[in-house]
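# Summary of the model geometry
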Amino acid sequence: MTPLSFHRKAIFLFTTNAALQLHSINPANAFAPIDHSRVLTRINTAKKTASRILPISNSAVVNGDVGSTDSPKAWECDEDANCVQVDACDDEKCRTTLDVRIHGEWYDLSGWRKAHPAGSHWIDWYDGRDATEVMDAFHSEKARAMYQRLPKSDPVTSKQLEKDAEPDSDIQIAFRTLRDQLEQDGWWERDMVHEAKLLGIWGSLVVGAIATAHSVPALSIMLTALAMTNAGWLGHDYIHGVDKFSDKMRMFAAVAAGLGPTWWSDKHNKHHALTNEMGVDEDVATDPFLFTWAPDPKHDSPLRKIQHLIFFIPFSFLFALWRFDTMKVAISAVEEKRPGAKKELYALLAHYFIMMSVLPFGVWVPAVFISGLMSALIVTPTHQSEELFEEYQPDFVRAQFESTRNAVTTNPFSEWLWGGMQYQLEHHLFPSMPRSKYPKLKPILQKFAAENNVPGGYRESGEFEILKMNWELYKNVAESDPVPGAPYSRGHGQLGAINLGLSPAAGGVGGFTP
């Protein structure tokens, strides 16, 4: 291909994709007319951005070092964020531009996306957007230092993106100050005495379940269900954690609960980052069995009319579904050669081998469904009754306050059973913080909400009241008529949601298609 034809193809690919991305099919604009002025703006931006993959006059950058080249260049990075410029890939499956803002600086992550340990879909989702809070929330200090070594977006592109992107809100700026202070004060230091108590309780439940499996099977079933739910909360804390102890305990959920870290991270972290975003957050996409809003007629189900009467049935299947999805993702991860995939699969197989060896079929199978019911009753009401968003929320902090309601427990058993999920807001704003810190963090966030005039403030209700609110939501939706044009709830997975057009990176996973 001649340099001129390459230039033309590059500009065509970027301009076409910019127009498609601008009017992507998302819940907010799926039925709105095209804003042609914005289309032209993004096309012009894309033309400028396309110049980055055209020949760079006798220079190439290697993490800041300059070399020589005479051909079109793109970035290629390894897992340690060491990036070099290589010959641009003239292929539809290659991304040659992907710009994300972190702490006020735009970075070109086109070469980093494939090396990103958690998968490329995360970076694709934030193309042209700010990812500061998400970067801080989910990453260790080491990872947060690494991104600063990544290539910065070129000045022309950065200037245009800064004009198009939402500016940081006062709430976001205040939150970053709060986070810095909490880090300085050691809030991420894990209380090992507390961890020993929690692990001791879990171990006692397991021993009790095994001891009564044949003599008192009904008791064994309940103890097993409690152990499974407890293991899920412990594993949840360790998978989110960024401290050394969490690293060592990362496979706890796989061995003790049959839940894989890869599946959990892929699915659950997206729920954290894009909470209650319709069509994106799979935690509110529970149809066709449970609908959280009145659907479009073409996506409706007869079950919706009785969902408030049968909700406990799909709730009971939650843990079984998680286990099934875990195995699918674990096998796929091995096939894709994702880091640690084989170790994770072996841990899952060990879980089933041990469980089937020490517990009768008639004990562990019912326990899975009882555990599912308990888990669902805990995880669903803290979000589903709050605001649901039809479009992307650029202010991560405000969105978490508006989409989350805490549960106030009434006794020590409930405080333990909820596994830290009663402090849902604390967890969503600081997911990597050990859950033992959340009770003391509560008054700090209440004060933050009041001082920064957060809409709706700090939301909480009693543990039974919040369950009632969730049931009333199901009842109201059951009695509602379908709504033509209502947002589609299911993204068919993270990559599918992006390609459905629910992200400015639509088309990026499968390549730019002219």
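Everything below is about the structure printed above this text.
All figures in this text were calculated on a predicted structure; none of them were measured in a lab.

### A short note on the overall build of the protein
Regarding its fold elements, the protein presents 24 helices and eight strands. The buried share of the protein, reckoned over its 514 residues, is 54%. Within the protein, residue pairs in contact and separated by at least 24 positions form 72% of the contacts whose partners lie at least 6 positions apart. Of the roughly 23,000 Å² of accessible surface on the protein, 61% is carried by carbon and sulfur atoms.

### Digging into helix α15 (residues 318-335)
Helix length check: α15 (18 residues) gives 26 Å between terminal C-alpha atoms against 26 Å at 1.5 Å per residue, within 8%. Lys337 sits one or two residues past α15 and shows a positive phi near 60 degrees.

### Observations regarding unusual backbone geometry
Residue Pro288 is reached from Asp287 by a cis peptide bond, and omega for that bond is 10 degrees. One can find Pro288 in the loop between α12 (261-273) and α13 (307-310). Non-glycine residue Lys337 carries a positive phi angle of around 60 degrees. By secondary structure assignment, the location of Lys337 is in the loop between α15 and α16 (341-358). Overall, the relative accessible area of 74% leaves Lys337 in the exposed class. At Asn453, a residue that is not glycine, the phi angle is positive and equals roughly 50 degrees.

### Here we look at the nonpolar core
Membership of the largest hydrophobic core comes to 48 residues, with the highest contact counts inside it found for Trp112, Tyr126, Leu150, Leu429 and Phe430. Put simply, the parts of the chain that give this core at least two residues each are β3 (73-77), β5 (99-102), α3 (120-125), α4 (132-138), α7 (170-184), α19 (396-403), α21 (424-429) and α22 (438-451). Ranked by the residues each element gives to this core, the list is headed by α22, at five residues. Sequence-distant contacts of Tyr126, that is, excluding residues within four places in its chain, are made with Asp99, Val100, Ala131, Val134, Ala273, Leu274 and Tyr392. Of all hydrophobic cores here, the second largest spans 46 residues; its members include Leu205, Leu223, Leu417 and Tyr474.

### Section: the packing of aromatic side chains
Inspection of the entire model under this criterion finds 19 aromatic pairs. Members of the aromatic cluster, joined through ring pairs, are Phe175, Trp188, Phe401, Phe430 and Phe448. Over the ring of Tyr392 we find Arg129, and its NZ or CZ is 3.6 Å from the ring centre.

### A word on the pattern of salt bridges
All told, the structure shown has 21 salt bridges when counted by the stated rule. Between Asp168 and Arg101 there is a salt bridge, with its nearest N and O atoms 3.5 Å apart. Separated by 67 residues along the polypeptide, Asp168 in the loop between α6 (155-164) and α7 and Arg101 in strand β5 bring together distant segments of the chain. Arg101 sits in the buried class, given a relative accessible area of 2%.

### What about the state of the cysteines?
If you walk through the whole model with that rule in mind, you get one disulfide. Between the sulfur atoms of Cys77 and its disulfide partner Cys83 the distance amounts to 2.1 Å. Taking the sign of the S-S torsion, 110 degrees for the link of Cys77 and Cys83, the bridge is right-handed. Judged on exposure class, the residue Cys77 and its partner Cys83 are both buried.

### Quick word on empty space enclosed by the protein
Going through the model one piece at a time under the given rule, you end up with six cavities of 30 Å³ or more. Lining the second largest cavity are 14 residues; nearest its centre among them are Tyr126, Asp130, Tyr392, Pro394 and Phe396. Looking at the lining of the second largest cavity element by element, the count peaks at three residues for α4. When the residues that make up the lining of the second largest cavity are grouped by side-chain class, the tally is eight nonpolar, three polar and three charged.

### Thoughts on a negative patch on the surface
A contiguous patch of negative charge on the surface is contributed by Glu76, Asp78, Glu79 and Asp80. With respect to the element layout, Glu76 can be found in strand β3.

### Here we look at a nonpolar patch on the surface
On the surface, Ile210, Val255, Phe353, Ile354 and Val358 cluster together into a nonpolar patch covering about 430 Å² of accessible area. Looking at the element boundaries, Val358 is found in helix α16. Look at Val358 and you get partly exposed, because its relative accessible area is 32%.

### Topic: the pairing of strand β4 (residues 83-87)
The pairing of β3 with β4 spans five bridges and is antiparallel. Bridge pairing in β4 places Trp75 opposite Gln85. Hairpin connection of β3 to β4: five residues between the antiparallel strands, including Ala81 at a positive phi of 65 degrees.

### Examining the pairing of β5
Neither face of β5 is left uncovered, since the one carrying Asp99 and Arg101 and the one carrying Val100 and Ile102 both have all their residues buried. Bridge count for β5 against strand β6 (residues 105-108) is four bridges, and the pairing is antiparallel. Each bridged residue has a counterpart across the sheet, and for Asp99 the counterpart in β6 is Asp108. Hairpin connection from β5 to β6: two residues lie between these consecutive antiparallel strands, with His103 at a positive phi of about 50 degrees.

### Looking at α12
When the terminal C-alpha atoms of α12 are compared, their 17 Å separation across 13 residues agrees well with the 18 Å that a helix rising 1.5 Å per residue should span. Burial analysis of α12 places 13 of its 13 residues in the buried class, which makes it a mostly covered element.

Scoring rules and cut-offs
Residues numbered from 1 in each chain as written. Predicted model: local features only at pLDDT ≥ 70, side-chain atom pairs only at ≥ 80, totals over all residues. Heavy atoms only, no water. Helix = DSSP H or I, 4+ residues; strand = E, 2+ residues; numbered from the N terminus. Buried < 20%, exposed > 50% of the residue type's maximum accessible area, 1.4 Å probe, protein only. Contact = heavy atoms within 4.5 Å. Areas by Shrake-Rupley, 256 points an atom, 1.4 Å probe, with all protein chains shown as cover. Expected span 1.5 Å × (residues − 1). Core = buried A, V, L, I, M, F, W, Y, C linked by side-chain atoms within 4.5 Å. Phe/Tyr/Trp six-rings, centres within 6.5 Å; stacked < 30°, edge-to-face > 60°. Lys NZ or Arg CZ within 6 Å of the ring centre and 35° of its normal. Salt bridge = Lys/Arg side-chain N within 4 Å of Asp/Glu carboxyl O. Disulfide = S-S within 2.5 Å. 1 Å grid on protein atoms, 1.4 Å probe; cavity = no way out; pocket = protein on both sides within 12 Å on 5 of 7 lines; lining within 4 Å. Points joined across faces, edges and corners; volume = space filled by probe spheres on them. Nonpolar A, V, L, I, M, F, W, Y, C, P; charged D, E, K, R; others polar. Patch = residues over 30% accessible without salt bridge, like charges linked within 9 Å, V, L, I, M, F, W, Y side chains within 5 Å. Lys, Arg positive; Asp, Glu negative; His and termini not counted. Charge placed at Lys NZ, Arg CZ, Asp CG, Glu CD. Pairing = 2+ DSSP bridges.

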